[in-house]
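# Summary of structural features
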Amino acid sequence: MEAHDGEESVELALEHRPQLVILDFMLPKRSGSDVLTAIRRELPPEETHVIVVSAWPDADEAAVAAGADAFLPKPFEPEHLEAIVRNMLSDA
Amino acid sequence: MRIGSRSPSLSARMIAASVVLALLVALIFVVLIDAMAALEDSKQREAHSQDVVVETLAVQKLVVDLETGVRGLVITGDERFLQPWVMAREALPARLAALETLSADNPKQQRRARALASEINGYIKDYTIPVVNLARDAPAAARSEVATEEGRARTREIGDRIKSFLNEERALAAASAASADRQSDRAKNLAIAGLAACAALIVLFGVYLARWIARPVRDVASGASRVAGGDFSTRLKEGGPGEIGELTVAFNRMAEELERNRSELESQNEKLRESERRKSDLVRIVSHELRTPLASVLGFTSVLLTRDVGPDEQRRYLEIINAQGRRLSTLVNDFLDADRLEEGQLELSRRVIDLGIVIAEQVQLFEGQSAKHKLDAFLPVKELRVDGDPNRLAQVIGNLLSNAIKYSPDGGTVHVMAEQVDSIVRVSVRDEGIGIPEELQEGVFAKFFRGDADASGIPGSGLGLTIARSVVEAHGGRMNFESARGKGSMFWLELPVAAADE
């Protein structure tokens, strides 16, 4: 499923409790880091993996601090994202 | 007993040991409590560092929000993307102030926090606000490379500052944790050493108790049971710490006292036995000595009563009975005298007499008694003045004469001599009889001494010489004898001459 802005992504995630969230830090209405903090308040890392993607490579530390499992700087190869996702889900 | 250098008492030693132990335990506790406080302190510092780190990360997140908001607006031209930037601008001042306050404990970190705050404020004012305005007025110009490059450089600068701030804070936390570790290690070592010392002290104390208290007490106990078993010669090695030393000394005193008491009791017992023996001797002698004359008396009286005898014979029998009766009377008197002597009650009725006359009378009395014996008296013409009891002194002389005759069974001459030498009257009676063997001479004056007399069938009570010597000594004189077996004896006595004016 897909969310169109920060607020919607938080609502969707808390409603469906997905195994994986791919989150861009650059979002309308609410910042990605805020979204991540709100999700992590309800969903522990064992339940939901969060991959943060951002065009801003310096955001990595803030992403991990807020509870991201992985950080992927934009632009990235789709295979790269796929490898990370596979790796995560096989661990679970 | 040691006086002056007395060792400290046991209770003092016990108290001293307990105090040392208590001090040691207290020291261990102080060290442990100190270490615990240090650990607590370091934990607090760590928690504080954690707070600082959390706050810093929150600041970092807000900076990311600023950047992503601005960039979102620039790229999309959509005002909704700017929302995070608006919210971060509102939240940042409070967060930065909180960070500055939190890092107040470390001036260096506080300076860094201030620099970080001014850098972020500069970034907001000098870069994000112009870019936002530009994006609203001329979106194309805002998307130019120059604008984004400057933003990237500025956020990188902020990111570096945040990283170094975080690193410093983590280093501080690690240092404090390491110091806490060191302190706790030191405390652990100290506590282990202290506990080992405690254990060693307790073991030492135990050894001391066993060696210096339990063992001496056991010695005293076994000594006491030996004494209880009757071995009063038991003695303990005196000494030992404090009360133990006193105990051994007191024990030895008690044993000595008991031993002395027992030996006193034994000697008293011995005396009692001796007197018992003498009594039975007395009974034996009395019955033996009385039986012989009594048998004569009874025998001759029954002859006189049952048979007709002529007047001459009658007279002879009566003389015998009379003589035996007198012998009985003498014996009884002797026994009474001996008894009085024993009780120290010999009474003398003294006056100045001429001892020569007393001797002459006795010699006359004994002269006719035996045909076999000749009495040869050598007396001075001058009177021998003596202050004495004539009857008692006559008894003494008579005893000596009687002995001289009795112990010369084969007859012979009895020499009686009296003389005054200076202020002393000396009387001697010498016979030529059996004499007294050397081994028996020592006991001659003892009560009931009979020498070989019993075996030789010589009658007597064994009291005569005892009484005689006591009488002489009661007059202030002395009496002794010289004798050799088979050569006869010579008994002599010496009395002081009576004072001239009487």
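Residues numbered from 1 in each chain as written. Chains lettered and ligands numbered in written order. Predicted model: local features only at pLDDT ≥ 70, side-chain atom pairs only at ≥ 80, totals over all residues.

### Quick word on the environment of Gln324(B)
Considering the arrangement of structural elements, one finds Gln324(B) in helix H7 (residues 311-343). The contact partners of Gln324(B), leaving out residues within four places of it in the chain, are Pro293(B), Ser296(B) and Val297(B). (Helix = DSSP H or I, 4+ residues; strand = E, 2+ residues; numbered from the N terminus. Contact = placed C-beta atoms within 7 Å.)

### Thoughts on the sheet that holds strand E1 (residues 20-24) of chain A
Residues and elements named next belong to chain A. On the basis of which strands lie adjacent, the open sheet formed by three strands has the order E1-E2-E3 and parallel pairing. If you trace the sheet from one side to the other, it starts and ends with E1 and strand E3 (70-73), each paired once. Ignoring strand direction, the axes of neighbouring strands in this sheet form an average angle of 20°. As paired elements, E1 and strand E2 (residues 49-54) share five bridges and run parallel to each other. The partner of Leu20 across the bridge, within E2, is His49. Sheet strands in contact with helix H2 (residues 32-42) are E1 and E2, and its direction is about 155° off that of E1. (Pairing = 2+ DSSP bridges. Axes fitted to C-alpha atoms, helices over the stretch in contact; angles between N-to-C directions.)

### As for the nonpolar core
In terms of nonpolar packing, the biggest core is built from 49 residues, with Leu36(A) and Val52(A) touching the most fellow members. No other element matches helix H1 (residues 10-76) of chain B, which puts 10 residues into this core. Setting aside chain neighbours within four positions, we find Leu36(A) in contact with Leu23(A), Val50(A), Val52(A), Ala66(A), Gly67(A) and Ala68(A). Counting 34 residues, the second-largest nonpolar core is a separate cluster that includes Ala338(B), Leu375(B), Leu465(B) and Leu495(B). (Core = buried A, V, L, I, M, F, W, Y, C linked by C-beta atoms within 7 Å. Buried ≥ 20, exposed ≤ 12 C-beta atoms within 10 Å, placed from the backbone.)

### Comments concerning unusual backbone geometry
Residues and elements named next belong to chain A. The step from Lys74 to Pro75 runs through a cis peptide bond, and the omega angle for that step is -5°. Looking at where Pro75 falls in the secondary structure, it is placed in the loop between E3 and helix H4 (78-91). Unusually for a residue other than glycine, Arg17 sits at a positive phi of about 45°. Summarising the element assignment, Arg17 is placed in the loop between helix H1 (6-16) and E1.

### Brief notes about the interface of chain B and chain A
Of the residues lining the interface, 18 residues belong to chain B; the matching set on chain A comes to 17 residues. Every element with two or more residues in the side of chain B that touches chain A is listed here: H1, helix H2 (83-102) and helix H5 (145-228) of chain B. The leading source of residues in the side of chain B that touches chain A is H1(B), at 10 residues. Per-class residue counts for the side of chain B that touches chain A are four nonpolar, seven polar and seven charged. (Nonpolar A, V, L, I, M, F, W, Y, C, P; charged D, E, K, R; others polar.)

### Notes on the packing of helix H9 (residues 390-406) of chain B against helix H11 (residues 464-474) of chain B
Residue and element names in this part refer to chain B. Direction vectors running N to C along H9 and H11 enclose 140°, while the axes themselves pass 9 Å from each other. On the basis of their axis angle, the class for H9 and H11 is oblique. Taken as a pair, H9 and H11 cross one another with a handedness that is left-handed. Residues Arg392, Gln395, Val396, Asn399, Leu400 and Asn403 of H9 lie in contact with H11, whose contacting residues are Gly464, Leu465, Ala468, Val471 and Val472. Taken together, the residues of the contact of H9 with H11 sort by class into six nonpolar, four polar and one charged. (Parallel < 35°, antiparallel > 145°, perpendicular 65-115°, else oblique. Left-handed = near helix turned anticlockwise from the far one by under 90°.)

### Description of the environment of Arg182(B)
Relative to the helices and strands, Arg182(B) resides in helix H5. Separated by 147 residues in the primary sequence, Arg182(B) and Ala35(B) have C-alpha atoms spaced 9.7 Å apart.

### Quick word on the confidence of the model for chain B
All names here are of chain B. Summing up the model confidence of chain B, the mean pLDDT is 85 and the portion of residues at 70 or higher is 96%. No element of chain B has a lower mean pLDDT than helix H10 (residues 453-456), which averages 64, and none a higher one than strand E5 (residues 424-430), which averages 93. Considering only residues more than four positions removed or in separate chains, one finds that residues 1-5, a stretch of pLDDT under 50, has one contact. Across the assembled chains, the prediction reports ipTM 0.80 with pTM 0.49. (pLDDT = per-residue confidence, 0-100.)

### Thoughts on the sheet that holds E5(B)
All names here are of chain B. Read across the sheet, five strands follow the order E2-E4-E5-E7-E6 without closing on themselves; strand pairing throughout is mixed. Edge positions in the sheet fall to strand E2 (373-378) and strand E6 (478-484), since each of these pairs with one other strand and no more. Averaged over neighbouring strand pairs, the angle between their axes works out to 15° when direction is ignored. Here strand E4 (residues 412-421) pairs with E5 via seven bridges, running antiparallel. Across the sheet, residue Ala418 finds its bridge partner in E5, namely Val427. Running at roughly 165° to E2, helix H8 (residues 355-367) makes contact with E2, E4 and E5 of the sheet.

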